[in-house]
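Listed below are the residues making up each chain.
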Amino acid sequence: MIIQERLVKEFIEMVKIDSPSYKEGKFAAYLKKLLEDLGLEIVIDEHAGQVVGSDTGNIVAKLKGDLPALPPILFSAHMDTVSPGEGIKPQVKDGAIYSDGTTVLGGDDKAAIAAIIEVIRHLKEEKISHGDLEFVFTIGEEAGVWGSHYLDYSLIRAQMGFVLDCDGEPGTIVCQAPVHEKIYATIFGKAAHAGMNPEEGVSAIQVAARAINNMKLLRIDEETTANIGVISGGLATNIVCDKVKVHGEARSLKEEKLQQQITHMLNCLQNACREMGARLETKIERQYPAFHLAESEAVVQIAKNAAQALGLKAEVVASGGGSDANYFNHRSIKTVNLGIGMSKVHTKEEFIKIEDLVMTARYLVAIIGEVKG
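Calculation notes
Residues numbered from 1 in each chain as written. Predicted model: local features only at pLDDT ≥ 70, side-chain atom pairs only at ≥ 80, totals over all residues. Heavy atoms only, no water. Phe/Tyr/Trp six-rings, centres within 6.5 Å; stacked < 30°, edge-to-face > 60°. Buried < 20%, exposed > 50% of the residue type's maximum accessible area, 1.4 Å probe, protein only. Helix = DSSP H or I, 4+ residues; strand = E, 2+ residues; numbered from the N terminus. Core = buried A, V, L, I, M, F, W, Y, C linked by side-chain atoms within 4.5 Å. Contact = heavy atoms within 4.5 Å. Axes fitted to C-alpha atoms, helices over the stretch in contact; angles between N-to-C directions. Parallel < 35°, antiparallel > 145°, perpendicular 65-115°, else oblique. Nonpolar A, V, L, I, M, F, W, Y, C, P; charged D, E, K, R; others polar. Salt bridge = Lys/Arg side-chain N within 4 Å of Asp/Glu carboxyl O. Pairing = 2+ DSSP bridges. Disulfide = S-S within 2.5 Å. Polar contact = N/O pair within 3.5 Å; in protein donor to acceptor, adjacent residues only side chain to side chain. Left-handed = near helix turned anticlockwise from the far one by under 90°.

### Overview of the packing of aromatic side chains
- Applying the stated criterion to the full structure yields six aromatic pairs.
- Aromatic pair Trp146 and Tyr150: ring centres 6.2 Å apart, planes at 25 degrees, arrangement stacked.
- A relative accessible area of 15% means that Trp146 is categorised as buried.
- Note on Tyr150: relative accessible area 32%, which makes it partly exposed.
- Centre to centre, the rings of Tyr153 and Phe328 are 6.2 Å apart; their planes meet at 80 degrees, and the pair counts as edge-to-face. Note that Tyr153 is positioned in the loop between helix H6 (146–149) and strand S7 (160–166) and Phe328 in helix H10 (residues 324–330), a separation of 175 residues in sequence.

So, in structure tokens, the structure goes:
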């Protein structure tokens with residue numbers, strides 16, 4: 001059976017181990033030993049770590065089953081946490097687990113990892129028959145979905161997968177997520193003394209303001225969003241600013257809509273620079289590709305059937321955020337992203353209900369049972 005006390009204890013132990021993006025090594029060492037003690041075959045995807053710039057690689061773990069006729073299935077969660085995520089002090093109160101309010105909790109995504117470990121223990125203790133199971137614990141997900149981007153896919157046999165990285169309640173099944181691109185723009189104006197001869201300068205700040213003011217941003221339509229998130233520049237109030245950096249992004253469930261929005265934002269920047277005598281340099285960086293699975297896909301039906309078997313409300317939804325599922329699908333591993341009940345993620349108020357943590361483990365067992373069936 002799923003043992004709540006053991007699962008909660010494991011989760012609390014995990015979140016106490018610092019693992020910010022690119023510094024997952026200490027936690028990876030802890031997890032590797034845990035998996036080895038449970039008898040899994042472990043490979044560290046060192047090349048991915050080198051490319052990403054982390055102090056460790058992805059962990060790929062395999063649990064051989066006793067039903068070789070069944071297709072292997074993949075479960076995945078990421079090891080890194082967002083800031084502030086060092087020195088986490090978990091607190092248990094009112095049936096939930098919180099941080100002490102000075103950091104995030106790190107349930108994103110260690111709640112998923114703790115649930116996976118409890119499921120492996122359960123399968124072994126209860127001697128439950130199953131096919132081959134593959135587990136991928138990625139690096140750098142929060143920094144740009146880098147671990148799954150650079151994963152050595154030759155290590156994976158599974159053609160269907162379940163990522164556990166969504167804040168919906170257990171039973172939430174994400175079968176569609178957007179393509180995401182970032183815009184890095186640098187506007188070059190002309191410096192001048194702001195008090196003596198300002199008319200000889202070209203304010204890069206004014207140029208950026210005009211460009212951004214002309215942009216359609218935030219919610220564009222039901223499938224598309226855009227944002228300018230970072231503006232930096234200037235040296236002193238008495239200098240007409242000659243250089244400003246503007247960082248933004250756009251996301252859409254449709255590739256053509258994304259490209260329309262990116263083009264619009266670039267046009268606004270280019271027009272403002274031309275009108276005001278500034279120069280523009282831009283770089284577009286793709287963060288991850290979109291994916292869309294039909295509800296009729298086997299992996300979606302398995303997730304739905306498992307949820308319903310537990311009495312959960314199975315909700316098939318689209319998401320505005322990306323995850324490792326985007327790259328798994330891009331590499332032809334049909335993968336859904338599952339809700340695990342984490343709440344207020346990426347904030348100091350983050351928490352997860354203990355009942356949702358336990359249900360997530362039970363849900364994974366039910367998914368394995370559906371594949372077995």
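### Side note on the nonpolar core
- Counting residues in each nonpolar core, the largest one holds 93 residues, and the members touching the most others are Leu31, Leu35, Phe75, Phe135 and Phe162.
- Here this core gets 12 residues from one element, more than from any other, and that element is helix H11 (residues 354–372).
- Once residues lying within four places of it in the same chain are set aside, the contact partners of Leu35 are Leu40, Ile42, Ile59, Ala61, Ile117, Ile120 and Phe137.
- Listed in part, the 26 residues of the second largest apolar core include Cys241, Val244, Leu269 and Ala278.

### Re the packing of helix H1 (residues 4–15) against helix H2 (residues 25–37)
- Running from N to C, H1 and H2 cross one another at 150 degrees; their axes reach a closest spacing of 10 Å. The angle between H1 and H2 places the two elements in the roughly antiparallel class. Contact residues: Glu10, Glu13 and Met14 in H1; Phe27, Tyr30, Leu31 and Leu34 in H2.
- Here the contact of H1 with H2 is composed, by residue class, of five nonpolar, no polar and two charged.

### A short note on the pattern of salt bridges
- This model, assessed by the stated rule, comprises 19 salt bridges.
- The shortest N-O distance in the salt bridge between Arg121 and Glu10 comes to 3.2 Å. Placement of the pair is Arg121 in helix H4 (residues 107–125) and Glu10 in helix H1, with a sequence separation of 111 residues.
- Across the pair Lys313 and Glu315 runs a salt bridge whose closest N-O atoms are separated by 3.9 Å.
- Each member of the salt-bridge network shares a partner with another, and the members are Asp221, Glu223, Lys254 and Lys257.

### Remarks on the sheet that holds strand S5 (residues 96–98)
- Read across the sheet, four strands follow the order S4-S5-S18-S17 without closing on themselves; strand pairing throughout is antiparallel. Two strands bound the open sheet, and with one partner strand each, they are strand S4 (91–93) and strand S17 (342–343).
- As paired strands, S17 and strand S18 (residues 351–353) are joined by two bridges and run antiparallel to one another. Bridge pairing in S18 links Met342 to Ile352.

### Observations concerning the state of the cysteines
- Inspection of every chain in the model, using the stated rule, returns zero disulfides.
- We note that Cys268 lacks a disulfide partner, and the nearest cysteine sulfur, in Cys273, lies 11 Å from it.
- We classify Cys268 as buried; its relative accessible area is 9%.

### Quick notes on the side chain of Ser203
- Along the chain, Ser203 falls in the loop between strand S9 (179–188) and helix H7 (204–213).
- A distance of 3.1 Å separates a polar side-chain atom of Ser203 from the backbone nitrogen of Gln206.
- With sequence-adjacent residues up to four places away left out, Ser203 is seen in contact with Val240 and Cys241.

### Re the packing of H1 against H4
- One way to put it is that H1 packs onto H4 with a least axis distance of 9 Å and a crossing angle of 140 degrees. Comparing their axes, H4 and H1 come out oblique. Here the hand of the crossing between H1 and H4 comes out right-handed. Judged by residue contacts, Arg6, Leu7, Glu10, Phe11, Met14 and Val15 of H1 engage Gly107, Lys110, Ala111, Ile113, Ala114, Ala115, Ile117, Glu118, Arg121 and Glu125 from H4.
- The residue inventory of the contact of H1 with H4, partitioned by class, reads nine nonpolar, one polar and six charged.

### Re the pairing of strand S2 (residues 58–63)
- With five of six residues buried, S2 is to be regarded as a mostly interior element.
- The sheet contact formed by strand S1 (residues 41–45) and S2 spans five bridges and is antiparallel. Counterpart to Ile42 in the pairing with S2 is Ala61.
- As defined by bridge partners, S2 adjoins strand S6 (residues 133–138) across five bridges and the pair is classed as antiparallel.

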